[in-house]
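Below are the chains, spelled out letter by letter.
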Amino acid sequence: MIRVKSWVLPDSETHMNQFLEKDGTYQQKHRDLALSFVKEKHIVLDIGAHAGLWSRDFAKQFDVVYAFEPSKEFRECYDINVCQFPNIKAKVYMNDCALGNYNGKVGLTIDGSNTGHSHLDLTGNTHNIRKLDSFAFDRIDYIKIDVEDAEFMVLQGAIETILTHKPIISIEQKEHGFYGNSRFAAKEFLESIGMEQLGVVSADYILGWV
């Protein structure tokens, strides 16, 4: 691991460092805009939690944080970045799996210099993958999904959960092309079930309910 200000990152990381070195934050504007639409802050899901660069803020504002991250290396960074604080650790629950549209196994391709660009390998079988609908939540107020082009697959496996709890959702929508989906497949899927775009920062789209 390498240390950048108050954070630790995977040894090979060079991309996120440049942002953290400026003011110690990463994608703060993205978070601030998304959270401005969340009326009640009880339960948040951090899907694609990586090293906890979003979760630390979530744990300061929400009662409970459920994080999802398949990479052991990233989870170890997360534990130091987020769970080192006693008042935060008690409200954070880490799930060591990827999320998608089936329950089973999946691979993970790690991008060494930009580990946030790591993505699922659908032909692999090294990590667990589950549908969000296979979990049971009492409520969900906000979901952040940043999984490098697998957002649409996550949503396909989460439809019952989303329709039940109707959370605010933010999704990254970039033209990666890893899985053959159109760039805005996830956004269009959410709009097809009744959500509308509330805001956008860079490639992060925030959707809520009409």
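Notes on helix 4 (residues 72–81)
Link 1 in the chain: For helix 4, the set of buried residues is F74, R75, C77, Y78 and N81. Along helix 4, the residues classed as buried sweep out an arc of 160° about the axis, all on the same side.
Link 2 in the chain: Residues of helix 4 that are buried make contact with strand 2 (7–9), helix 3 (55–61), strand 4 (64–68) and strand 5 (92–95).
Link 3 in the chain: Backbone nitrogen of E73 and a side-chain oxygen of the N-cap are separated by 3.4 Å at the start of helix 4; the cap is S71.

Brief notes about the environment of V38
Link 1 in the chain: Assignment of secondary structure puts V38 in the loop between helix 2 (28–35) and strand 3 (43–47).
Link 2 in the chain: Taking the relative accessible area as the measure of exposure, V38 reaches 7% and is therefore buried.
Link 3 in the chain: Sequence separation between V38 and D23 is 15 residues, and the spatial gap between their C-alpha atoms is 25 Å.
Link 4 in the chain: Each residue touching V38, except ones within four places of it in the same chain, is listed here: F62, D141, Y142 and I168.

Topic: the layout of surface pockets
Link 1 in the chain: Volume-wise, the largest pocket comes out at about 620 Å³.
Link 2 in the chain: Mapped onto the lining of the largest pocket, the elements with two or more residues apiece are helix 1 (15–23), strand 6 (98–99) and strand 8 (119–121).
Link 3 in the chain: Counting residues per element, the lining of the largest pocket draws most heavily on helix 1, at 3 residues.
Link 4 in the chain: Residue composition of the lining of the largest pocket, by class: 19 nonpolar, 13 polar and 7 charged.
Link 5 in the chain: Quantified by volume, the second largest pocket comes out at close to 150 Å³.
Link 6 in the chain: Lining of the second largest pocket is provided by F37, V38, K39, E40, R139, D141 and I168.

Section: the sheet that holds strand 11 (residues 168–172)
Link 1 in the chain: In space, the 7 strands of this open sheet follow the order 5-4-3-10-11-13-12, with mixed pairing throughout. The sheet is open, and its two borders are formed by strand 5 and strand 12 (195–201), each paired with just one other strand. Neighbouring strand axes in the sheet, compared pairwise and without regard to direction, differ in orientation by 15° on average.
Link 2 in the chain: As judged from the 6 bridges shared by strand 12 and strand 13 (residues 204–209), these two strands associate in the antiparallel manner. In the strand pairing of strand 13, E196 is matched with G208.
Link 3 in the chain: Seen against the sheet, helix 2 touches strand 10 (142–145), strand 11, strand 12 and strand 13 and runs at an angle of roughly 150° to strand 12.

Calculation rules
Residues numbered from 1 in each chain as written. Predicted model: local features only at pLDDT ≥ 70, side-chain atom pairs only at ≥ 80, totals over all residues. Heavy atoms only, no water. Buried < 20%, exposed > 50% of the residue type's maximum accessible area, 1.4 Å probe, protein only. Helix = DSSP H or I, 4+ residues; strand = E, 2+ residues; numbered from the N terminus. Arc of directions from axis to C-beta. Contact = heavy atoms within 4.5 Å. Polar contact = N/O pair within 3.5 Å; in protein donor to acceptor, adjacent residues only side chain to side chain. 1 Å grid on protein atoms, 1.4 Å probe; cavity = no way out; pocket = protein on both sides within 12 Å on 5 of 7 lines; lining within 4 Å. Points joined across faces, edges and corners; volume = space filled by probe spheres on them. Nonpolar A, V, L, I, M, F, W, Y, C, P; charged D, E, K, R; others polar. Pairing = 2+ DSSP bridges. Axes fitted to C-alpha atoms, helices over the stretch in contact; angles between N-to-C directions.

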